[in-house]
Structures are given as structure tokens and as C-alpha cells.
Amino acid sequence: MTTATLGGQFDVPTVEGSTSRVKVPEGTQTGKQFRLRGKGMPVMRSSQHGDMYIQVTVETPTNLTRRQRELLAEFEKESSGDNNPASTGFFFQGQGLHQRSGRVRPMEIGVTAQSAGCFDQGH
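Residues numbered from 1 in each chain as written. Predicted model: local features only at pLDDT ≥ 70, side-chain atom pairs only at ≥ 80, totals over all residues. Heavy atoms only, no water.

**Examining the pairing of strand β1 (residues 8-13)**
Link 1 in the chain: Relative to strand β2 (residues 19-24), β1 runs antiparallel, the two sharing six bridges. Bridging from a neighbouring strand, Asp-11 pairs with Arg-21 of β2. (Pairing = 2+ DSSP bridges. Helix = DSSP H or I, 4+ residues; strand = E, 2+ residues; numbered from the N terminus.)

**Topic: the nonpolar core**
Link 1 in the chain: Counting residues in each nonpolar core, the largest one holds 11 residues, listed as Ala-4, Phe-10, Val-12, Val-22, Val-24, Phe-34, Leu-36, Met-52, Ile-54, Val-56 and Val-58.
Link 2 in the chain: Every element with two or more residues in this core is listed here: β1, β2, β3 (33-36) and β4 (52-59).
Link 3 in the chain: By residue number, the principal contributor to this core is β4, which donates four residues.
Link 4 in the chain: Leu-36 has contacts with Val-12, Ser-20, Val-22, Asp-51, Met-52 and Ile-54, leaving out every residue within four places of it along the chain. (Core = buried A, V, L, I, M, F, W, Y, C linked by side-chain atoms within 4.5 Å. Buried < 20%, exposed > 50% of the residue type's maximum accessible area, 1.4 Å probe, protein only. Contact = heavy atoms within 4.5 Å.)

So, in C-alpha cells, the structure goes:
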């Protein structure tokens, strides 16, 4: 949650066995994709590598301590509708769900890596 909310960076394993650092901007939402140029699968009959894609998945943490629950409850009291861009969009308003815009759920960042070949390099 903190990396997605406040921004930061984390390391992801690459196809070649090394790691690559991904910088996450403040306010990153589930589904956001990052491209790591040249970190994907090797292009056949070439020395080039395709691009690797990282997709962010934000997860709700479990087994919170009492202190963590208190902090989240305090955070919820201080939150406004401006803190939740997804819950103030057209579809939420159209369904009458915009009243829930003051709710903020705790999240944890997860990563799904996909590797692409030559078609991502414009070949």
C-alpha cells in the first residue's frame, strides 16, 4: 500500500536472471503497467531483447495488528472524496455509489511480469 500510495521503487527479476529497479509514481493504481525496454525475451536470430511489462496489482493486507488498524481508522477519518480517483468516476456516479468515495482500503503492491518479443520493438 505505501509504495503504491506514496511512490517509491522496487526490484523485479528479469528473464535473464538479473533484477531491474522499477520506479512507482505516487498514487499508482491497480492495472498500471510499466515497460522495461530490452529486458524481455531474446529476439530470434538477433542479439536484441524484447520489452518486459510489469503490471501493478494492489492487494488488501491481512492479519493487521491493533496499531495498524488504529492507524487505518484514523486515516479513513481524515480522508475525503479527493483521495479516491476510481470511486469518483462516471460509472460510480451513474450507479449511485459515489457515497462510498470517502472509503479508502489499505493496499499492498504486487507485480505481474510479462515478456514480449520482437513485435514490441517495431520489427
